[in-house]
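# Structural characterization, general
Residue-level listing of the chains:
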Amino acid sequence: MSATSLKYKSEENPIPLKVITEKRPFSSHQALMQFDVANRSWRETLSLSFKNDKQLSQVFNNIRAVDDQVYEVIAARITPYIAQLMDKDDPKCPIRLQYVPEQDELEVAPHEMGDQLAEDDMMPEGTSIVHRYPNRVLFLVHNICGSYCRHCTRKRMVSDPLNVISMDRIRRSVEYLRQHTEVQDVLLSGGDPLLLTDDKLDEILSMIREARPDLKILRIGSRLLAQLPTRVTPELCRVLKRNRVTLINTQVNHPREITPLFSKHITMLRETGIMLGNQSVLIKGVNDSIDTMQELVMELVSIGIRPYYVYAMDPAPGNSKFQVSYQRMLKIYHGIRGWVSGPAIPTFIVDGVGGLGKMPVQPEYVSRQTGSEGERLIATNFEGRSADVSFLLQE
């Protein structure tokens, strides 16, 4: 954990970590599958989450035991909704791979680091803001999530009960926004902002809007939409609309996550007029095939979510087992561009180590070529057919 993160552990006025008292989860797979997520409150469903391999092994087959050290790196929490999407037997199930804790998470590659994106270095003193780009900032408002992804980029801070982001720190962050009028785009993240209660989220959003009524964009990043769609309620929608939230980005990594319940609650969000985007992470064994990515992006567009980014795996500790190679990324990009609808094509991204920011990964469809006839400009389409467009070289 970084020195900056440790710095705020003793602050007062923390945002409560627990939204509801945890209960004993399910004792059999049948009991899990009979649980009616759609007709239970999101808080009740969250309270029944699985929190370790022992609880999972009572419901699923082929769950490998892990040492307690694994949970010191990042806790485990799997909502009943996510658990219902998992294959009962297959450890290679694309949903299980994302959430079930494994012993090899303790294997750290030489290039992996805690704060690989240098977020703490770009955090003004006393705030929870990361100011990397000239006119936009990341605003961390929470440090817990509905379910904990094993490939998380912020393992250094999420799930740590001693690393709560306090309201004092949030107020200082809002004051920073008030003073820095060059900032026109604020992204709330964490942890997961939507794990806050409606009242607390309303308070934070209202503070931002009061301090900076001129903000062009106010965004929220949340995977809770995919981990527990029932979090989207009429009350939440009113909070988001009242505070003029511009865009919500979720993280859907596999087509299996696009369920009828997810689609229903996404429709509820769309009716507020808020734009919806998706930021997938490219994960080995989950979505690193052309067929899976084609299906994923088209299904997202069909329910009104714009595929925005597909990230290369960030080198957080223990993430190397999920890594997809650069060449594989290019192959997948080639396999979707031209083969799916234009609005369904995301930008493939590498988030630069050391805080360099997001950089696109793209095949070269147009290239300069030098031969006996001089320099030419050749454009090659998704099928491999080429055309000479050298007229574009003329000034």
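Residues numbered from 1 in each chain as written. Predicted model: local features only at pLDDT ≥ 70, side-chain atom pairs only at ≥ 80, totals over all residues. Heavy atoms only, no water.

### Looking at the overall build of the protein chain
Of regular secondary structure, the protein chain possesses 14 helices and twelve strands. Expressed as lengths along the three principal axes of its C-alpha atoms, the size of the protein chain is roughly 75 × 55 × 45 Å. Burial statistics for the protein chain: of 395 residues in total, 57% are counted as buried. Taking all contacts inside the protein chain whose residues are at least 6 apart in sequence as the whole, residues at least 24 apart take part in 78%. Accessible area for the protein chain stands at about 17500 Å²; split by element, carbon and sulfur atoms hold 51% of it. Of note, the protein chain has its 48 positive side-chain charges centred 4 Å away from the centre of its 49 negative side-chain charges. (Helix = DSSP H or I, 4+ residues; strand = E, 2+ residues; numbered from the N terminus. Buried < 20%, exposed > 50% of the residue type's maximum accessible area, 1.4 Å probe, protein only. Contact = heavy atoms within 4.5 Å. Areas by Shrake-Rupley, 256 points an atom, 1.4 Å probe, with all protein chains shown as cover. Lys, Arg positive; Asp, Glu negative; His and termini not counted. Charge placed at Lys NZ, Arg CZ, Asp CG, Glu CD.)

### Here's the deal with the UniProt feature "domain: Radical SAM core" (unreviewed entry) in the protein chain
The positions UniProt marks with the feature "domain: Radical SAM core" (unreviewed entry) are residues 131-343. The span residues 131-343 is 35% helix and 16% strand, and its two end C-alpha atoms sit 30 Å from each other. (UniProt positions renumbered as here; feature names shortened; annotations may be inferred.)

### Things to note about the sheet that holds strand β10 (residues 366-371)
With antiparallel pairing, the three strands of this open sheet are ordered in space as β10-β11-β12. Either end of the sheet is taken by a strand with one partner, and the two such strands are β10 and β12 (386-388). Recorded for the sheet is a direction-independent mean angle of 35° between the axes of neighbouring strands. With three bridges connecting them, strand β11 (residues 374-380) and β12 associate as antiparallel partners. Bridge pairing links Ala 379 to Ala 387 in β12. (Pairing = 2+ DSSP bridges. Axes fitted to C-alpha atoms, helices over the stretch in contact; angles between N-to-C directions.)

### Some remarks on the sheet that holds strand β1 (residues 129-133)
If you walk across this open sheet you meet the nine strands as β1-β2-β3-β4-β5-β6-β7-β8-β9, and the pairing is mixed. Edge positions in the sheet fall to β1 and β9 (357-360), since each has one partner strand and no second. Put simply, the sheet's adjacent strands are angled 25° from each other on average, direction ignored. Strand direction decides the pairing type here: strand β4 (residues 217-221) and strand β5 (residues 247-250), joined by three bridges, are parallel. Residue pairing in the sheet places Gly 221 in a bridge with Asn 249 of β5. Packing of helix α13 (residues 290-302) onto the sheet brings it into contact with β6 (275-281) and β7 (306-311), and relative to β7 it is tilted by some 145°.

### Points about a nonpolar patch on the surface
Judged by side-chain polarity, Val 350, Leu 356 and Met 359 come together as a nonpolar surface patch covering roughly 260 Å² of accessible area. Of note, Met 359 is situated in strand β9. Using a relative accessible area of 35% as the deciding quantity, one classes Met 359 as partly exposed. (Patch = residues over 30% accessible without salt bridge, like charges linked within 9 Å, V, L, I, M, F, W, Y side chains within 5 Å. Salt bridge = Lys/Arg side-chain N within 4 Å of Asp/Glu carboxyl O.)

### A few points about the packing of aromatic side chains
Evaluated as defined, the whole model comprises eight aromatic pairs. For the pair Tyr 309 and Tyr 311, a centre-to-centre distance of 5.5 Å together with 80° between the ring planes defines the contact as edge-to-face. For the pair Tyr 309 and Tyr 311, a shared accessibility class is recorded, and that class is buried. Their ring planes at 70° and their centres at 5.4 Å tell us that Tyr 333 and Phe 348 sit as a pair that is edge-to-face. Here Tyr 333 is found in helix α14 (residues 326-336), whereas its partner Phe 348 is found in strand β8 (residues 347-352), with 15 residues between them in sequence. Considered together, Tyr 333 and Phe 348 belong to a single accessibility category, that of buried residues. Taken together, the ring pairs in this structure connect Phe 26, Phe 35, Phe 50 and Phe 60 into an aromatic cluster. (Phe/Tyr/Trp six-rings, centres within 6.5 Å; stacked < 30°, edge-to-face > 60°.)

### Focus on the pattern of salt bridges
Counted under the stated rule, the structure contains 17 salt bridges. Arg 171 serves as the salt-bridge partner of Asp 168, at 3.2 Å between the closest nitrogen and oxygen. Within this pair, Asp 168 and its partner Arg 171 are both found in helix α8 (residues 167-179), separated by three residues, close to a single helical turn. Given the relative accessible area of 39%, Arg 171 is considered partly exposed. A salt bridge links Glu 203 to Lys 200, with the nearest nitrogen and oxygen atoms 3.2 Å apart.

### A short note on the nonpolar core
Counting 100 residues, the largest nonpolar core has Phe 139, Leu 188, Leu 240 and Phe 262 as the members making the most contacts within it. With six residues, helix α9 (residues 198-211) is the single largest residue contributor to this core. The contact partners of Phe 262, leaving out residues within four places of it in the chain, are Tyr 81, Leu 225, Ala 226, Pro 229, Val 252, Glu 257, Ile 303 and Ile 305. (Core = buried A, V, L, I, M, F, W, Y, C linked by side-chain atoms within 4.5 Å.)

### Some points on the environment of Lys 284
Position of Lys 284 relative to the elements: it lies in the loop between β6 and α13. Looking at Lys 284, the relative accessible area reads 45%, which means it is partly exposed. Distance in space between the C-alpha atoms of Lys 284 and Glu 395 is 45 Å, their sequence separation being 111 residues.

### Here's the deal with the environment of Pro 229
In this fold, Pro 229 is placed in the loop between α10 (224-227) and α11 (234-242). Distance from Pro 229 to Ala 316, taken between C-alpha atoms, is 27 Å for residues 87 residues apart in sequence. Contact partners of Pro 229, with chain neighbours within four places excluded, come to Tyr 81, Leu 224, Leu 261, Phe 262 and His 265.

### Points about the state of the cysteines
As used here, a disulfide is simply a covalent bond connecting the sulfur atoms of two cysteines. According to the stated counting rule, one finds zero disulfides in the structure shown. Note on Cys 93: no disulfide assigned, nearest cysteine sulfur contributed by Cys 149 at a separation of 14 Å. For Cys 93, a relative accessible area of 2% translates into the label buried. Considering cysteine sulfurs only, Cys 152 is the nearest to Cys 145, which forms no disulfide, with 6.1 Å between them. (Disulfide = S-S within 2.5 Å.)

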